[in-house]
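Coordinate analysis (summary)
Take a look at the letters that make up each chain.
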Amino acid sequence: MNGEELTEQETALYDRQIRVWGVDAQRRLSKSHVFVSGLKGTAVEFCKNIVLAGVGSLVLNDDNPATGEALAANFLIPFDENMGGEGSLAELCCDSLKDFNPMVHVSVEKGDLSTFGVDFFEKFDVVVISCCSLAAKKSVNEKCRKLSKRVAFYTVDCRDSCGEIFVDLQNYSYAKKKVDETVQCQLQYPSFEEAIAIPWRSLPRRVAKLYFAMRVVERFEDVEKRRPGETSIADLPNVMKLRNELCLAHSLNESQIPDSLLERLVVSTKEFPPVSAVLGESSARLFEVIKAISGKGDPLKNFFFFDAVDGKGVIEDISTS
Amino acid sequence: MEHLSAIKGAKVLMVGAGGIGCELLKTLALSGFQDIHIIDMDTIEVSNLNRQFLFRQSHVGQSKAKVAREAVLRFRPQISITPYHANVKDSDFNVDFFKQFSVVLNGLDNLDARRHVNRLCLAADVPLVESGTTGFLGQVTVHIKGRTECYECQPKPAPKTYPVCTITSTPSKFVHCIVWAKDLLFAKLFGDKNQDNDLNVRSNDSASSSDHSEDVFERKKDEDFEQYAKRIYDHVFGHNIESALSNEETWKNRNKPRPIYVKDVLSDEIQQNGNVDKTPATDNSSMLSAMAYLGLKNPQDIWSLKENSRVFFAALKLFFSKRQKEIGNLSFDKDDHLAVEFVTAAANIRAASFGIPLHSLFEAKGIAGNIVHAVATTNAIIAGLIVIEAIKVLQNDSKSCRMTYCLEHPSRKMLLMPVEPFEPNKACYVCSETPLVLEVNTHRAKLRDVVEKIVTSKLGMNLPLITHGSGLLYEVGDDLEEDMVANYAANLEKVLSELPYAITGGTMIQVEDLQQELVCNINIKHREEFDEEKEPDGMVLHGWTQAPAAENKDTATSSSNNGASTSSTSTTLVPTDMEEDDELTILETGIETIAAGKKRKLSDVSNSETPIPTDDKRAKKIAEHAEDDVVVMLDDEKKNSR
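Reading the values: rules and limits
- Residues numbered from 1 in each chain as written.
- Chains lettered and ligands numbered in written order.
- Predicted model: local features only at pLDDT ≥ 70, side-chain atom pairs only at ≥ 80, totals over all residues.
- Heavy atoms only, no water.
- Helix = DSSP H or I, 4+ residues; strand = E, 2+ residues; numbered from the N terminus.
- Buried < 20%, exposed > 50% of the residue type's maximum accessible area, 1.4 Å probe, protein only.
- Contact = heavy atoms within 4.5 Å.
- Areas by Shrake-Rupley, 256 points an atom, 1.4 Å probe, with all protein chains shown as cover.
- Patch = residues over 30% accessible without salt bridge, like charges linked within 9 Å, V, L, I, M, F, W, Y side chains within 5 Å.
- Salt bridge = Lys/Arg side-chain N within 4 Å of Asp/Glu carboxyl O.
- Lys, Arg positive; Asp, Glu negative; His and termini not counted.
- Charge placed at Lys NZ, Arg CZ, Asp CG, Glu CD.
- Pairing = 2+ DSSP bridges.
- Axes fitted to C-alpha atoms, helices over the stretch in contact; angles between N-to-C directions.
- UniProt positions renumbered as here; feature names shortened; annotations may be inferred.
- Parallel < 35°, antiparallel > 145°, perpendicular 65-115°, else oblique.
- Left-handed = near helix turned anticlockwise from the far one by under 90°.
- Nonpolar A, V, L, I, M, F, W, Y, C, P; charged D, E, K, R; others polar.
- Polar contact = N/O pair within 3.5 Å; in protein donor to acceptor, adjacent residues only side chain to side chain.
- Bend = angle between axes of the 7 residues up to and from the residue.
- 1 Å grid on protein atoms, 1.4 Å probe; cavity = no way out; pocket = protein on both sides within 12 Å on 5 of 7 lines; lining within 4 Å.
- Points joined across faces, edges and corners; volume = space filled by probe spheres on them.
- Disulfide = S-S within 2.5 Å.
- Phe/Tyr/Trp six-rings, centres within 6.5 Å; stacked < 30°, edge-to-face > 60°.
- Lys NZ or Arg CZ within 6 Å of the ring centre and 35° of its normal.

1. What to know about the overall build of chain B
- When you go through chain B residue by residue, the secondary structure sums to 20 helices and 16 strands.
- With 642 residues in all, chain B has 59% of them scored as buried.
- When contacts within chain B are restricted to residue pairs at least 6 apart in sequence, long-range pairs at least 24 apart make up 69% of them.
- Of the roughly 26,400 Å² of accessible surface on chain B, 47% is carried by carbon and sulfur atoms.

Written out as structure tokens, the structure is:
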């Protein structure tokens with residue numbers, strides 16, 4: 001064993017999970033620093049989880065006020081009779097998260113995500129952004145990639161009863177336990193921009209329909225300069241028009257992006273709590289710090305989709321390799 | 001959202017406020033549920049806090065159901081949550097109680113309670129959403145009377161049973177040593193003195209008093225503690241091994257164990273180090289630690305034989321000096337640190353004797369306490385899936401209901417795999433009325449044997465009532481007349497063929513649980529002989545299928561307090577103290593079989609496992625259900641695990 005040992009307190013608290021992923025993973029987890037921006041229901045589920053699991057530190061970013069809808073999906077913020085009280089979402093969540101696990105350092109970073117420069121992200125090992133625009137996803141991902149150290153990048157989005165997780169671990173090498181030996185493996189992850197630029201016709205057959213649908217809606221919001229989730233039934237005709245254009249350009253059959261699916265994504269943009277739970281926790285699970293250390297199986301690459309309607313939680317590898 | 005009205009009008013019962021329960025209660029509240037009832041008999045412990053996020057350090061010792069309610073009301077004060085700090089098997093929770101709910105959601109930790117809730121849901125005709133997790137694996141299933149299989153339609157794996165002689169004389173695995181240390185040695189030293197115990201306590205080396213050899217565990221009047229402790233050590237690790245060696249037949253095909261005596265390991269240092277009086281005084285007996293006293297810090301370290309022996313003596317001394325009052329009525333508890341230290345040390349010394357690799361306290365605790373692996377993410381995902389299924393049930397959309405498996409590694413790209421529910425098993429003794437067949441020696445077996453080995457342990461009945469024709473043979477209940485109680489007590493001790501309403505080959509008896517509203521008919525078949533090794537119960541029940549017990553060191557645990565006559569042929573290992581959310585039911589179906597296989601891979605299982613037969617029909621159905629038919633999952637997985 002190398003490095004510091006876990007304290008007695010840590011061993012007692014983390015007993016059950018150490019039995020799952022081992023002491024080394026626990027130690028590494030306790031040294032990782034995580035940044036989360038966009039604190040809606042799904043991201044909050046993620047935060048809860050990594051704090052409970054015992055990450056080193058967590059920095060929260062969301063200046064939005066804690067009002068009606070934001071509160072409705074948030075179990076971290078105590079109900080206040082005088083709604084619209086003081087504090088941003090990040091500040092209020094921070095207080096609760098600290099309480100979850102006193103051994104984890106939780107803090108708030110104010111400011112707009114787009115204003116954070118490359119240097120800002122250097123302090124982190126993992127960056128998670130949720131409910132962000134296409135532009136923000138691309139730009140934060142690029143900033144993480146410019147750093148000399150590897151910063152794992154995740155996006156997490158939930159609309160109605162569907163959701164998507166994207167993972168970029170860049171150049172990722174990991175140890176994999178075979179029968180008697182441990183072999184070193186390499187995985188090459190594309191950035192978000194690279195992944196979504198891959199022509200649809202060159203993707204493997206039977207890619208989750210949700211992948212295409214999410215691209216259409218994301219593109220629509222980008223072109224129309226909408227905030228993420230700022231769509232309504234009135235937009236449906238235009239969204240379908242865009243779908244048809246994109247399908248034509250990519251020579252994809254329009255049936256791959258059903259109207260009913262688009263309608264769900266556009267009309268009901270609110271996160272459905274059980275789906276947030278599934279997604280938020282799945283993203284915590286995809287956490288490579290935990291996954292990779294156990295040396296069992298490959299890290300997940302690079303999209304995860306969940307749709308409560310068919311109940312499937314699917315991993316898709318959307319990369320050129 | 002159209003499901004909102006279904007949610008708002010629903011009254012749901014949650015059973016269990018542990019790992020899954022905390023997540024479930026939160027997600028139900030966020031999803032808009034207004035009327036939630038929650039039953040949990042447990043109180044909060046430190047090792048819950050890493051995932052049962054509604055609880056804090058300051059809540060340790062309090063009721064899970066009550067604290068969970070308060071925590072959720074802080075962010076959702078307008079909803080109604082009714083907590084019950086009680087056992088779901090209590091008679092208050094009868095069929096009428098269950099009938100008031102639209103759906104029952106289980107986040108339970110043990111087979112027994114799951115079976116009980118299943119029966120009540122069937123009797124009350126309330127849909128049940130059942131769940132379980134182990135590590136990264138989990139499952140959610142939906143049980144609707146008449147439409148899908150009930151929880152007991154598929155056989156559940158039985159707790160592992162070890163022949164007594166393996167435990168007392170021929171251990172070959174570390175788990176055998178743990179069972180010995182926990183169920184025999186610990187129970188003998190600190191537990192109820194009147195309980196049957198298979199530990200050899202006689203020192204028959206004193207040729208003088210042959211039939212009057214004394215119990216070495218009896219501390220003589222004014223006997224010095226050091227003397228006593230050394231005597232115990234030498235007896236169990238030295239003398240008992242020595243006398244076992246004298247039976248040469250046993251060791252023909254086995255490695256001979258090595259007797260270990262104090263003088264060989266510690267020379268005379270125990271005299272100097274044995275003084276634990278200087279340990280800081282503490283009122284909290286759970287803080288006592290032999291490790292702390294000896295300066296051993298890391299529970300992950302594997303101690304040497306010498307260190308184990310020191311821990312053995314220090315723990316023994318701490319029990320006798322600081323916890324004197326508890327001696328005589330202690331039973332092993334995985335959260336009793338000193339007990340874990342003692343059992344770890346004793347099991348390791350025994351393992352050293354038998355050439356079995358030693359284990360760390362952390363590992364030993366896992367085996368002894370039957371601690372299951374638990375992570376918060378799995379519980380939360382499963383809870384989300386439970387709510388999704390519950391909403392379908394509430395919308396009367398049972399066609400859309402799915403069983404969902406949460407996998408550790410993607411199988412055909414899926415991490416969450418939905419499968420169409422199975423139809424009820426027509427031969428299920430719980431949800432159909434198929435009679436069972438009991439082969440038994442009606443001239444030798446007593447009614448007590450049938451009650452204990454069949455009715456209680458196999459059929460999982462809580463308040464059984466046994467009738468033969470019009471005659472009442474046995475009944476359990478609070479409001480029985482005194483003369484009936486006496487009558488039943490007398491019946492228990494009678495052999496079947498001599499009962500007032502004689503049970504012989506060809507007769508049929510009826511066993512009924514009034515609380516569960518479950519009736520089983522059992523056809524009796526007389527049989528003279530039973531194989532002691534293969535049929536340790538001395539009777540065989542047919543029509544009640546039980547999956548082969550997976551020999552799994554992680555989940556094997558034992559129980560010495562089940563009051564049954566365990567000393568005759570076998571030590572029954574019953575999962576008594578499982579963590580919430582887990583149990584071996586994960587073996588339930590094809591996929592789960594794989595899941596269990598993976599789980600076992602997590603730990604270093606040295607011996608080859610008994611292969612678990614997979615049910616081809618189920619596997620096929622699962623395979624058919626998936627869209628792309630590229631690979632049949634079971635084969636795929638098998639390859640990977642070889």
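2. So, a negative patch on the surface
- There is a patch of like negative charges on the surface, built from B:Asp478, B:Asp479, B:Glu481, B:Glu482 and B:Asp483.
- Given the relative accessible area of 73%, B:Glu482 is considered exposed.

3. Some remarks on the sheet that holds strand 14 (residues 518-526) of chain B
Residues and elements named next belong to chain B.
- Across the sheet, six strands lie side by side as 12-11-13-14-10-15; this open sheet has mixed pairing. Where the open sheet ends on each side, the last strands, each with one partner, are strand 12 (471-475) and strand 15 (539-542). Strand-to-strand twist in this sheet, taken as the mean axis angle between neighbours without regard to direction, amounts to 25°.

4. Focus: the UniProt feature "binding site: Zn(2+)" (unreviewed entry) in chain B
Residues and elements named next belong to chain B.
- Per the UniProt annotation, the sites labelled "binding site: Zn(2+)" (unreviewed entry) are Cys150, Cys153, Cys428 and Cys431. With the annotated positions falling across 282 residues, the maximum pairwise C-alpha distance of 8.5 Å places them together in a single cluster.
- Along the chain, the position of Cys153 falls in the loop between strand 6 (137-143) and strand 7 (161-163).
- The exposure class assigned to Cys153 is buried, which follows from its relative accessible area of 3%.

5. Concerning the UniProt feature "active site" (unreviewed entry) in chain B
- Per the UniProt record, "active site" (unreviewed entry) is annotated on B:Cys165.
- Mapping B:Cys165 onto the fold places it in helix 6 (residues 164-168).

6. Some words on the environment of A:Pro102
All names here are of chain A.
- In this fold, Pro102 is placed in the loop between helix 5 (89-100) and strand 3 (105-108).
- Judged by relative accessible area, Pro102 falls into the exposed class, the value being 71%.
- Along the chain, Pro102 and Leu52 lie 50 residues apart, while their C-alpha atoms are 9.6 Å from each other.

7. Focus: the packing of helix 12 (residues 305-322) of chain B against helix 13 (residues 337-353) of chain B
All names here are of chain B.
- Between helix 12 and helix 13, the least distance of the axes is 8 Å, while the angle of their chain directions is 140°. Our classification of the angle between helix 12 and helix 13 gives oblique. Two packed elements cross with a definite hand, and for helix 12 against helix 13 that hand is left-handed. Along the contact surface, helix 12 presents Leu305, Asn308, Ser309, Val311, Phe312, Ala315, Leu316, Leu318 and Phe319, while helix 13 presents Leu338, Ala339, Glu341, Phe342, Thr344, Ala345, Ala346, Asn348, Ile349 and Ala352.
- Taken together, the residues of the contact of helix 12 with helix 13 sort by class into 14 nonpolar, four polar and one charged.

8. Quick look at the side chain of A:Thr231
Residue and element names in this part refer to chain A.
- With respect to the helices, strands and loops of the structure, Thr231 is situated in the loop between helix 9 (209-223) and helix 10 (236-249).
- Only 3.2 Å separates the side chain of Thr231 from the side chain of Arg159, close enough to count as a polar contact.
- Ignoring sequence-local partners within four residues, the contact set of Thr231 consists of Arg159, Phe220, Glu221, Arg226, Leu265, Val266 and Thr269.

9. Here's the deal with helix 7 (residues 174-190) of chain B
- B:Ala181 marks the point of greatest bend in helix 7 of chain B, at about 30°.
- In terms of burial, helix 7 of chain B is largely enclosed, as 17 of its 17 residues are buried.

10. Examining empty space enclosed by the protein
Residue and element names in this part refer to chain A.
- Within the structure shown, the criterion is met by 16 cavities of 30 Å³ or more.
- Each pocket or cavity is described by its volume, and for the largest cavity that value is around 210 Å³.
- Along the wall of the largest cavity there are 17 residues; nearest its centre are Asp157, Arg159, Glu221, Pro228 and Gly229.
- Elements with a minimum of two residues in the lining of the largest cavity: helix 7 (134-146), strand 5 (152-159) and helix 9.
- The biggest single contributor to the lining of the largest cavity is helix 9, with five residues.
- Classifying every residue of the lining of the largest cavity by side-chain character gives seven nonpolar, three polar and seven charged.

11. Quick look at the state of the cysteines
- Considering all chains together, one arrives at zero disulfides over all chains under this definition.
- Free of any disulfide, A:Cys247 has its nearest neighbouring cysteine sulfur in A:Cys162, separated by 17 Å.

12. Observations concerning the pattern of salt bridges
- Inspection of every chain in the model, using the stated rule, returns 39 salt bridges over all chains.
- Two residues, A:Glu45 and A:Lys48, come together in a salt bridge whose shortest N-O distance is 3.8 Å. A residue pair is termed a helical-turn pair when its members lie 3 or 4 positions apart in one helix, as A:Glu45 and A:Lys48 do in helix 3 (residues 41-53) at three residues. As far as the burial class goes, A:Glu45 and A:Lys48 line up, both buried.
- Notably, a salt bridge pairs B:Glu326 with B:Arg323, separated by 3.0 Å at the nearest N-O pair.
- Residue classification places B:Glu326 among the partly exposed residues on the basis of a relative accessible area of 24%.
- When salt bridges that share partners are traced, they join A:Lys137, A:Asp157, A:Glu164, A:Arg215 and A:Glu218 into one network.

13. Digging into the packing of helix 8 (residues 225-245) of chain B against helix 13 of chain B
All names here are of chain B.
- Running from N to C, helix 8 and helix 13 cross one another at 25°; their axes reach a closest spacing of 11 Å. Classified by the interaxial angle, the pair formed by helix 8 and helix 13 is roughly parallel. As helix 8 packs across helix 13, the resulting crossing turns out to be right-handed. On helix 13, the residues that touch Tyr233, Phe237 and Ile241 of helix 8 are Ala346, Ile349, Arg350 and Ser353.
- For the contact of helix 8 with helix 13, the per-class residue count stands at five nonpolar, one polar and one charged.

14. Here we look at the packing of aromatic side chains
- A full pass over the atoms with the stated rule returns 42 aromatic pairs over all chains.
- Relative to A:Phe303, the ring of A:Tyr211 has its centre 5.3 Å away and its plane inclined at 80°; by these criteria the two rings are edge-to-face. Note that A:Tyr211 is positioned in helix 9 and A:Phe303 in strand 9 (residues 303-307), a separation of 92 residues in sequence.
- What makes A:Tyr211 buried here is its relative accessible area of 0%.
- A relative accessible area of 1% means that A:Phe303 is categorised as buried.
- For the pair B:Phe312 and B:Phe313, a centre-to-centre distance of 5.6 Å together with 90° between the ring planes defines the contact as edge-to-face. B:Phe313 matches B:Phe312 in its accessibility class, with the two residues each being buried.
- Against the face of B:Phe101 rests B:Lys11, its NZ or CZ located 5.7 Å from the ring centre.

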